[in-house]
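# A closer look at the structure
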Amino acid sequence: MTQPAHNLLLFGATGDLAQRMLLPSLYGLHADGLLPPDLRIVATARSDLDDSGFRSQAGDSLSRFIADRDFLRPEVARTFLERLSYVAIDASDQAQYGRLAETVGKAKDGLAIFLSTAPSLFEATIAGLSQAGLTGRDVRLALEKPLGTDLASSRMINEAVASVFPEERTFRIDHYLGKETVQNLLALRFGNSLFEPLWNASGIEHVQITVSETVGLEGRAGYYEGSGALRDMVQNHMLQLLALVAMEPPAQFGASAVRDEKVKVFRSLRRIGRDEVAANTVIGQYKAGAVGGAPVPGYADELGHVSGTETFVALKAHVDNWRWKGVPFYLRTGKRLPERHSEIFIQFKGVPHSIFASRGAVVQPNKLVIRLQPEENIRLLVMAKQPGLDREGIRLREVPLDLGTANVFADSRRRIAYERLLLDLIEGDPTLFVRRDEVEAQWEWIDAIRDGWGFNRMTPKDYAAGTWGPSAAIALTERDGVSWHE
Ligand code: BG6
C-alpha cells in the first residue's frame, strides 16, 4: 500500500493553472477534510514573494475562482493558507534547489511534486530535484501537459523523467480523466449489464465526440500558436475519451488493468496518413464573428499576424479491432464555436424491422448522450408512443430517459477535476493518470495526421467565430449520412 504524501511541492505556483484550478482544488479537499492533516504545501515560482505574500495572493485566487461563496469560509480558508509556504527559485538554475530542499525537509516523509511549468523547464527541474535530494522511493512526480509537441519530443521528456522517476511514480495529468462524468462512463459501461452486449459494431452505428469551446486565445498565443487544436485537445483529452468508450472491460478498476486496455485502443487506431488526411480530416481557423451575441476578432487579428494554426479540427477515426469493425468515430473540437458543450454521442443501430411502418410511424435509432459540460448528465433517447387513440396512425416520439446525475446526486458537491487528481497524486493512486506507452501511442497517431497535412499542404479553412466550424466539417459526416449532434 502506498503511503500518502506529507509534502506537496508545487512548481509554477503563481501561474494561471495553479491560481485558477490547483489552489481552489486543494482548498476544496482541505475544506472536506480529505487532505492528510499534516500535509504541507510548498509553492515555488520565480516571483519574488515570501510566505505571507504568496498566501495573500493565494487567498485572492480562492476568492476569485471559487464560485460557491458559501463554500469559501474565512476560518477554513485561514487554516488552508497556513499549510502554504513559498520559496522563490529560478527553476533553470541548479544552484537554487538547495533552498527548496531545506523548506521541504526530508523528502523521505513522502513528497508529491506537481510540475505546472513550461515543458522547456522539465529537464532542468528534474536535474535540480535530483541534485537537491528531492527524489527517491517516496517521491512522486506529476506532470501537466504539454508533454512534448510530437512523439520525438515527448520521448525526450519521458526519458529525462524516467532517468530519475520510475514509471510507477510518474503521474501524467490529463484533467479530463478527473471529470466526474468521464469516470461515470466507466460506471455506465461496466456497472450495468444493459449496455455492454450492444457496445460493439453489431449494436452501434457510430460515435461522436465533440468538445466545443466559446473562448478564443485567452492570452495563450505563445503556447497555442505552436500547438493548434489537434495537439491541444485531440492528442490528449479527446483520445482519452475515445479510449474509455472503445476499450475492452478491464479486469478491475486498477492502474495497470485500465491503462492496459486504453493503450490497446490507441494502438488499434487506424492510421490517418498522407493518403487519408484529405478525406478524413478538416481543419479550420476562426475569423471575426460573434459569440453569444458579442462581436469577437478573428484568430489572426488576436495574434497580430497571419497564421497557419488550426483552431478547429474534425476527423473521422476507426478503431481497427473485432469490436469496432466499421464503426466511425467522429471527433471535433474548436475555439470560438457557438456554445461550450462537450459530449460523447453514441448512436445505436436501428431496429431490424419496424412493426409500426405500416401505421405511418417512424422509429428512430436509440441514442446515448453523455454530457460532460456545461452540465453533467447522461441521457438515453428511446422511442415512446405519443398518447392518443391513433385514429390517424401511430405516433412515436423520441423521449429522454434522463440518468441526470445532477438531480440524483444533488447533495454531492460538484468538484473541480483537479481535486480528484490531486488527491490521487497525494495518495499515490495512478489509475486516472496517463502511462508513458499511452502518451507515445497517442503521439504516433497524431504525428501521422500532421505529417499528412504538411505533405498535402493542407491549410485551415475559414469559419466565422460563433459557427460550428468550416462547412467541410459538416460534409465530413453528411457523406456518411450522419449529422453532428448539436
Ligand atoms: C486544455 C487546453 O487542456 O483544456 C485548453 O489547453 C482548453 O485550450 C481546455 O481550453 C479545456 O478544458 P475544459 O475542462 O474547460 O474543457
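Scoring rules and cut-offs
- Positions within a chain are numbered from 1, following the residues in the order the chain's sequence is written.
- Residue-level local features of this predicted model are given only where pLDDT is at least 70; pairs of side-chain atoms are given and counted only at 80 or more, and the full residue set underlies all totals for whole chains, interfaces and linings.
- Excluded from the side-chain calculation are hydrogens and water; included are all heavy atoms of the structure.
- Runs of H or I in DSSP of at least four residues are treated as helices and runs of E of at least two as strands, each being numbered from the N terminus.
- Only protein chains enter the accessibility calculation, which uses a 1.4 Å probe; a residue whose area is less than 20% of its type maximum is buried, one above 50% is exposed, and one in between is partly exposed.
- Throughout, a residue-residue contact means that at least one pair of heavy atoms, one from each residue, lies within 4.5 Å.
- Put simply, a salt bridge is a Lys or Arg side-chain nitrogen that is within 4 Å of an Asp or Glu carboxyl oxygen.
- Between the first and last residue of a helix there are one fewer steps than residues, each counted as 1.5 Å, and that sum is the expected span.
- Here the bend at each residue means the angle between axes fitted to two seven-residue stretches, the one ending at that residue and the one beginning there.
- The source of the domain bounds is an automatic or database domain assignment.
- Here, strands pair whenever DSSP counts at least two bridges between them.
- Lines fitted to C-alpha atoms define the axes here, with helix axes fitted over just the stretch in contact, and angles between the N-to-C directions of these axes take values from 0 to 180 degrees.
- Distances are taken per atom, and a residue is near a molecule or strand as soon as one of its heavy atoms is within 4 Å of it.
- For the purposes of these results, a polar contact is taken to be a pair of N or O atoms within 3.5 Å, where, inside protein, one atom must be able to donate a hydrogen and its partner to accept one; residues adjacent in sequence count only when each atom of the pair is a side-chain atom.
- The Shrake-Rupley method, run with a 1.4 Å probe, gives the accessible areas here. Residue values count only the displayed protein chains as cover.
- Charged means Asp, Glu, Lys or Arg here, nonpolar means Ala, Val, Leu, Ile, Met, Phe, Trp, Tyr, Cys or Pro, and polar covers whatever is left, Gly included.
- Here, nonpolar core refers to any group of buried Ala, Val, Leu, Ile, Met, Phe, Trp, Tyr and Cys residues whose side-chain atoms link them within 4.5 Å.

## Overview of the side chain of lysine 262
- Checked against the element boundaries, lysine 262 lands in helix α10 (residues 255–268).
- Taking relative accessible area as the criterion, lysine 262 reaches 1% and is therefore assigned buried.
- Filtering out sequence-adjacent residues up to four positions away, lysine 262 remains in contact with Leu177, Gln240, Ala243, Leu244, Met247 and Glu438.

## A closer look at the environment of glutamate 123
- Structurally, the position occupied by glutamate 123 is in helix α5 (residues 122–131).
- For the pair glutamate 123 and aspartate 480, spaced 357 residues apart in sequence, the C-alpha separation works out to 46 Å.

## Observations regarding the pattern of salt bridges
- Counting across every chain of the model gives 33 salt bridges.
- The residue lysine 385 makes a salt bridge to aspartate 390 at a minimum N-O spacing of 3.2 Å.
- The class of lysine 385 is partly exposed, set by a relative accessible area of 40%.
- Given the relative accessible area of 23%, aspartate 390 is considered partly exposed.
- A single salt-bridge network, built from bridges that share partners, covers Asp32, Arg413, Arg415 and Glu419.

## Description of helix α9 (residues 228–246)
- Along its 19 residues, α9 runs 25 Å from first to last C-alpha, staying within 8% of the 27 Å computed at 1.5 Å per residue.
- Where α9 bends most, the angle comes to about 50°, and this point is valine 234.
- Judged by how many residues are buried, α9 sits mostly within the fold: 19 of 19 residues are covered.

## Regarding the domain arrangement of the protein
- For the protein, the assigned domains are domain 1 (7–144) and domain 2 (177–413 + 435–478).
- Using C-alpha coordinates to define each centre, domain 1 is positioned 34 Å away from domain 2.

## A few points about the sheet that holds strand β11 (residues 312–318)
- Reading across from one edge, β16-β15-β14-β13-β7-β12-β11-β8-β17 is the order of the nine strands in this open sheet, with mixed pairing throughout. Edge positions in the sheet fall to β16 (396–402) and β17 (461–464), since each of these pairs with one other strand and no more. For this sheet the average axis-to-axis angle between neighbouring strands, irrespective of direction, equals 20°.
- Most of the contacts of helix α7 (residues 180–190) go to strand β14 (residues 367–373), to which it runs at about 150°, and overall it touches β13 (341–348), β14 and β15 (377–385).

## A few points about the site of the ligand
- If you check the shell around the ligand, you find Lys145, His175, Tyr176, Lys179, Glu213, Arg220, Asp232, Met233, His237, Lys335, Arg340 and Gln373 and nothing else.
- Histidine 237 has a polar side-chain atom sitting 2.7 Å from an oxygen atom of the ligand.
- For the ligand, an oxygen atom lies 2.6 Å from a polar atom in the side chain of glutamine 373.
- Protein coverage of the free-state accessible area of the ligand, which is 400 Å², stands at 83%.
- Among the elements that make up the shell around the ligand, the one with the highest residue count is α9 (three residues).
- Along the lines of polarity and charge, the residues of the shell around the ligand split into two nonpolar, three polar and seven charged.

## A few points about the pairing of strand β3 (residues 84–88)
- Extensive coverage of β3 is indicated by the burial of five of its five residues.
- Residues Leu84, Tyr86 and Ala88 line one face of β3 and the alternating positions Ser85 and Val87 line the opposite face, and both faces are buried.
- Sheet topology note: the strand β2 (residues 40–45)/β3 ladder contains five bridges and is parallel. Of the residues in β3, the one forming a bridge with threonine 44 is valine 87.

## Quick look at the side chain of glutamate 438
- Relative to the assigned elements, glutamate 438 resides in helix α15 (residues 436–455).
- In this structure glutamate 438 comes out as buried when scored by relative accessible area, which is 0%.
- If we ignore the near neighbours within four places in the chain, the residues touching glutamate 438 are Gln240, Arg259, Lys262, Val263, Phe266 and Phe433.

## Describing the nonpolar core
- Grouped together as the largest cluster of nonpolar side chains are 120 residues, with contacts concentrated most on Tyr27, Phe329 and Leu368.
- Residue assignment places this core across two domains, with domain 1 (7–144) and domain 2 (177–413 + 435–478) each supplying three or more.
- The contacts of leucine 368, once residues within four sequence positions are left out, are Leu188, Phe195, Trp199, Ile344, Phe345, Ile346, Phe348, Ile378, Arg379 and Leu380.

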